[in-house]
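Next come the chains, spelled out residue by residue.
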Amino acid sequence: MKVTNFYSPNFNRKKRPEKSIKIMIIHYTGMQSERESMFRLCNPKSKVSSHFVINKNGKIYRLIQDYHIAWHAGKSCWGKYKNLNKNSIGIELVNKGHKFGYTNFKKKQILSLIKICKSLIIKYKIKKKNVVGHSDIAPSRKIDPGEKFPWRQLANNGIGIWHRCKPSLLKRYRNIMIIKKKSKIKFTKNLNKIGYCYSPKKKSSFNKTLKAFQRHYRKELINGLLDKECLIIAQNLSKNL
Ligand SMILES: [Zn+2]
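Residues numbered from 1 in each chain as written. Predicted model: local features only at pLDDT ≥ 70, side-chain atom pairs only at ≥ 80, totals over all residues. Heavy atoms only, no water.

Visitor: Looking at this structure, how should I read the packing of aromatic side chains?
Guide: Centre distance and the angle of the planes are the two values used to describe a pair of aromatic rings. In this structure the tally under the stated criterion is 13 aromatic pairs. Taken together, a centroid distance of 5.5 Å and an interplanar angle of 50° make the contact between Tyr28 and Tyr102 tilted. On the criterion of sequence distance, the pair formed by Tyr28 in strand β2 (residues 23–28) and Tyr102 in the loop between α2 (97–100) and α3 (107–124) is long-range, its members being 74 residues apart. Residue Tyr102 is classed as buried on the basis of its relative accessible area, which comes to 13%. Each ring, one from Phe187 and one from Phe213, has its centre 5.5 Å from the other, and the planes form 90°; the classification is edge-to-face. Here Phe187 is found in helix α7 (residues 181–194), whereas its partner Phe213 is found in helix α8 (residues 206–217), with 26 residues between them in sequence. A cation over a ring is seen here: Lys15 above Tyr67, with NZ or CZ 4.7 Å from the ring centre. In this structure, Lys184 is placed above the aromatic ring of Phe206, and the distance from its NZ or CZ to the ring centre is 4.4 Å. (Phe/Tyr/Trp six-rings, centres within 6.5 Å; stacked < 30°, edge-to-face > 60°. Helix = DSSP H or I, 4+ residues; strand = E, 2+ residues; numbered from the N terminus. Buried < 20%, exposed > 50% of the residue type's maximum accessible area, 1.4 Å probe, protein only. Lys NZ or Arg CZ within 6 Å of the ring centre and 35° of its normal.)

Here it is, written out as structure tokens:
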């Protein structure tokens, strides 16, 4: 795997221990061009960065060494981890994003991503459930990498988790709304088991967390409403963790 080094000054100067790396976070750049994205990720004024950037041709750039903390996650939470920069590796995929014309990720881009994910997972013993999108860890602020990101394809390659339900069966339960309080509580418990940090006691929004869940696992309908299909998917995911 060829990785091209590129320098970004946006990292903590103090090195982190290898064992603190637990999570892998996928982003899209969300800017007009690759050039603009690289400029921003390497500009000291922007105060943002990521360890890797993968362009549309599948070329992999390393901006920050793994033993340095990059600045990509922001205020975030996953499982027992909070403000995830210190515990994570950030990977940016070049894509204009929802603001500037969201397009499918390129085949070569995803193949490179799969390669680099595989090697990082082995190197840092990252758990399957800890490969997530920016929207999963910051659902009230972020929607990247978005519903066009091929989570299922990644899971087929051993990266991240996916459910084992038959799509044609699942579809029957779409839009069958859940109103029972008991079912909603069960769904919330499953969300937490998967890693989502939603808590009814805190201010975090249920609808936005549900939307993040849908963007990841039920991209056909992202409406922030709890239906039976979401319930079944969450149940299946948490059962197989
Ligand atoms: Zn992001």
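More follows now that the structure is in view.
Visitor: I'm lost on unusual backbone geometry in this one. Help?
Guide: With the exception of glycine, most residues fall at negative phi, and the peptide bonds are largely trans. Cis geometry is found at the peptide bond from Asp144 to Pro145, where omega equals 5°. If you trace the backbone, Pro145 turns up in the loop between α4 (134–137) and α5 (151–156). The phi torsion at Asn83 lies on the positive side, around 45°, for a residue other than glycine. Following the sequence through the fold, Asn83 ends up in the loop between β6 (81–82) and β7 (88–93). Unlike most non-glycine residues, Asn175 shows phi in positive territory, near 70°. Tracing the sequence through the fold places Asn175 in the loop between α6 (167–170) and α7.

Visitor: Would you mind going over empty space enclosed by the protein with me for this structure?
Guide: A water-sized probe rolled over the atoms picks out the places where empty space is left. Scanning all chains against the criterion turns up one cavity of 30 Å³ or more. Put simply, the largest cavity is a space of about 40 Å³. Trp78, Lys129, Val131, Val132, Gly160, Ile161, Ile194, His216 and Tyr217 are the residues that line the largest cavity. Taken together, the elements giving at least two residues each to the lining of the largest cavity come down to β8 (131–133) and α8. Its residues assigned to classes, the lining of the largest cavity comprises six nonpolar, two polar and one charged. (1 Å grid on protein atoms, 1.4 Å probe; cavity = no way out; pocket = protein on both sides within 12 Å on 5 of 7 lines; lining within 4 Å. Points joined across faces, edges and corners; volume = space filled by probe spheres on them. Nonpolar A, V, L, I, M, F, W, Y, C, P; charged D, E, K, R; others polar.)

Visitor: Help me out: how do you make sense of α7 in this one?
Guide: Counting along an α-helix, one turn takes 3.6 residues, and residues three or four places apart therefore face a common direction. Compared with an ideal rise of 1.5 Å per residue, which puts 14 residues at 20 Å, α7 spans 20 Å between its outermost C-alpha atoms and is within 8% of the ideal. For α7, the set of buried residues is Ser183, Phe187, Thr188, Asn190, Leu191 and Ile194. In a view along the axis of α7, the buried residues occupy a sector of 160°, so they form one face of it. Exposed residues pointing more than 90 degrees away from the buried face of α7 are listed as Lys181, Lys182 and Lys189. Where the residues of α7 are buried, they touch β5 (77–78), α8 and α9 (228–239). Looking one or two residues beyond α7, the residue adopting positive phi is Gly195, at roughly 140°. (Expected span 1.5 Å × (residues − 1). Arc of directions from axis to C-beta. Contact = heavy atoms within 4.5 Å.)

Visitor: It is not clear to me how the environment of Ile64 should be interpreted in this structure. Could you clarify?
Guide: Mapped onto the elements, Ile64 comes out in the loop between β4 (60–62) and β5. A relative accessible area of 1% means that Ile64 is categorised as buried. On a C-alpha basis, the gap between Ile64 and Phe52 in space is 7.2 Å, while along the polypeptide they are twelve residues apart. Ignoring any residue separated from it by four or fewer positions in sequence, one finds Ile64 in contact with Ser8, Asn10, Phe11, Ser49, Ser50, His51 and Ala70.

Visitor: Please explain the side chain of Arg215 as it appears in this structure.
Guide: Residue placement: Arg215 occurs in helix α8. Judged by its relative accessible area of 11%, Arg215 is buried. Contact partners of Arg215, with chain neighbours within four places excluded, come to His98, Ser135, Ile143, Gly146, Glu147 and Ile222.

Just distances and angles here, no functional claims.
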